[in-house]
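Observations on chain architecture
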Amino acid sequence: MLYVIGLGLGDERDITLKGLEAVKKCDKVYVEAYTSLLSFGLSSSGLSSLEELYGKSITLADREMVEEKVDDILSEARESNVAFLVVGDPFGATTHTDLVVRAKKLGVEVEVIHNASVMNAVGLCGLQLYRYGETISLPFFTDTWRPDSFYEKIQSNRVLGLHTLCLLDIRVKEPSLESLCRGRKQYEPPKYMTIGTAIEQLLEVEHSRGQSVYNEDTTCVGFARLGSKDQMVVAGSMKELLTVDFGAPLHCLVIVGKTHPVEEEMLEFYTLKEYLKSQKKT
Ligand SMILES: C[S@@+](CC[C@H](N)C(=O)[O-])C[C@H]1O[C@@H](n2cnc3c(N)ncnc32)[C@H](O)[C@@H]1O
């Protein structure tokens, strides 16, 4: 049996009871470490706190491993109980549907155990979840690669008055171009996109496409480390959010569409002014 288990957003204690019971039944436990991150990261000390609470030794599964060794994981799951842990909800990232499809095609039994995802945790700011359009992913721009197909998606959402959730790029264990040319893989240090970089890239694209989809006065909400004790939620114009230090990863951003008075009432609690006031008190 392959158990695909959501870990939730904060730390090792966010696993559900059902998820924990399943992990305890498993002979082999993998944790996926490239589409998201728990608050303590997945350094070896982070991993050991998972191992301690779950009472199992855990194998870190990076992108290479999941893409290249998926058949090994699935053949283990055919013979024994295997857990595949995913930060957030297993289906909060598009990647894991593929694992489940392959398992089912190979006749491996699959049980999915859900948990909270960034996709629903953003509800915290008061913008109603059913008033969101297509979610977009913002990749890190490089000197030679500046893809902007997300612009049309934001445009379609805004024409309909819908909010847009922007998920921000995570680069963990990416081989450097130089090392690939030399034929011996060496990895870049991990990189997580900040809200500041996301807004700069969005404004650059608006500047080059020029269709007035949004501008620096467009209201957005920035979220950092949702589900952790030190989570941050700040609402303001793009220009205002550029002045805020959101701290450690992970970050995401919502471009606010047309709002209902109840949504506005809740957003008021998260304005930059309120945030600065709360900072003065601490
Ligand atoms: C592929 S998505 C989320 C996958 C995860 N399985 C889930 O359900 O939450 C990863 C992106 O979501 C955002 N994200 C995930 N967790 C977050 C958190 N705790 N706080 C803020 N943003 C988060 C980041 O932009 C990150 O790059």
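See above for the structure.
This write-up is about the structure you can find in this document. Since this is a predicted model, take the numbers as computed values, not measurements.

About the cut-offs
- Residues numbered from 1 in each chain as written.
- Predicted model: local features only at pLDDT ≥ 70, side-chain atom pairs only at ≥ 80, totals over all residues.
- Heavy atoms only, no water.
- Helix = DSSP H or I, 4+ residues; strand = E, 2+ residues; numbered from the N terminus.
- Rg over C-alpha atoms; globule rule 2.2 N^0.38 Å.
- Contact = heavy atoms within 4.5 Å.
- Areas by Shrake-Rupley, 256 points an atom, 1.4 Å probe, with all protein chains shown as cover.
- Lys, Arg positive; Asp, Glu negative; His and termini not counted.
- Charge placed at Lys NZ, Arg CZ, Asp CG, Glu CD.
- Pairing = 2+ DSSP bridges.
- Axes fitted to C-alpha atoms, helices over the stretch in contact; angles between N-to-C directions.
- Salt bridge = Lys/Arg side-chain N within 4 Å of Asp/Glu carboxyl O.
- Buried < 20%, exposed > 50% of the residue type's maximum accessible area, 1.4 Å probe, protein only.
- Near = heavy atom within 4 Å.
- Polar contact = N/O pair within 3.5 Å; in protein donor to acceptor, adjacent residues only side chain to side chain.
- 1 Å grid on protein atoms, 1.4 Å probe; cavity = no way out; pocket = protein on both sides within 12 Å on 5 of 7 lines; lining within 4 Å.
- Sits in = over half its atoms within 2 Å of the grid points.
- Nonpolar A, V, L, I, M, F, W, Y, C, P; charged D, E, K, R; others polar.

**Notes on the overall build of the protein chain**
The number of helices and strands found in the protein chain is 12 helices and 12 strands. A compact globule built from 282 residues would reach a C-alpha radius of gyration of about 19 Å, and the protein chain, at 20 Å, matches this within 12%. Along the first, second and third principal axes, the C-alpha atoms of the protein chain reach 55 × 45 × 35 Å. Residue pairs in contact within the protein chain that sit at least 24 positions apart in sequence constitute 72% of those at least 6 positions apart. Summed over all atoms, the accessible surface of the protein chain reaches about 14,700 Å², with 51% contributed by carbon and sulfur. Each charge class in the protein chain can be summarised by its mean position, and for the 31 positive and 41 negative side chains these summaries are 1 Å apart.

**Points about the sheet that holds strand S12 (residues 251-255)**
In spatial order, the strands read S6-S7-S12-S10-S11; together these 5 strands make up an open sheet with mixed pairing. The sheet terminates laterally at strand S6 (136-138) and strand S11 (232-237), the two strands that pair on one side only. Direction aside, neighbouring strands of the sheet carry axes that sit 25 degrees apart on average. Here helix H9 (residues 195-209) sits on the sheet and contacts S6, strand S7 (164-168), strand S10 (219-224) and S12; the angle it forms with S12, its principal contact strand, is near 40 degrees.

**Overview of the pattern of salt bridges**
Inspection of every chain in the model, using the stated rule, returns 12 salt bridges. With a closest N to O distance of 3.9 Å, Arg63 and Glu67 form a salt bridge. Of this pair, Arg63 and Glu67 both sit in helix H3 (residues 63-68), separated by 4 residues, roughly a single helical turn. Note on Arg63: relative accessible area 33%, which makes it partly exposed. Salt bridges sharing common partners tie together Asp148, Glu152 and Arg209.

**Let's talk about the site of the ligand**
If you check the shell around the ligand, you find 19 residues, and the closest are Val87, Ser117, Val118, Leu168 and His251. Between the ligand and the protein, one listed contact pairs an oxygen atom with a backbone N or O atom of Leu168 at 2.5 Å. Contact distances for the ligand include 2.7 Å between an oxygen atom and a backbone N or O atom of His251. A majority-of-atoms criterion places the ligand in the largest pocket. Listing elements by their share of the shell around the ligand, those giving two or more residues are S7 and S12. Grouping the constituent residues of the shell around the ligand by class yields 11 nonpolar, 6 polar and 2 charged.

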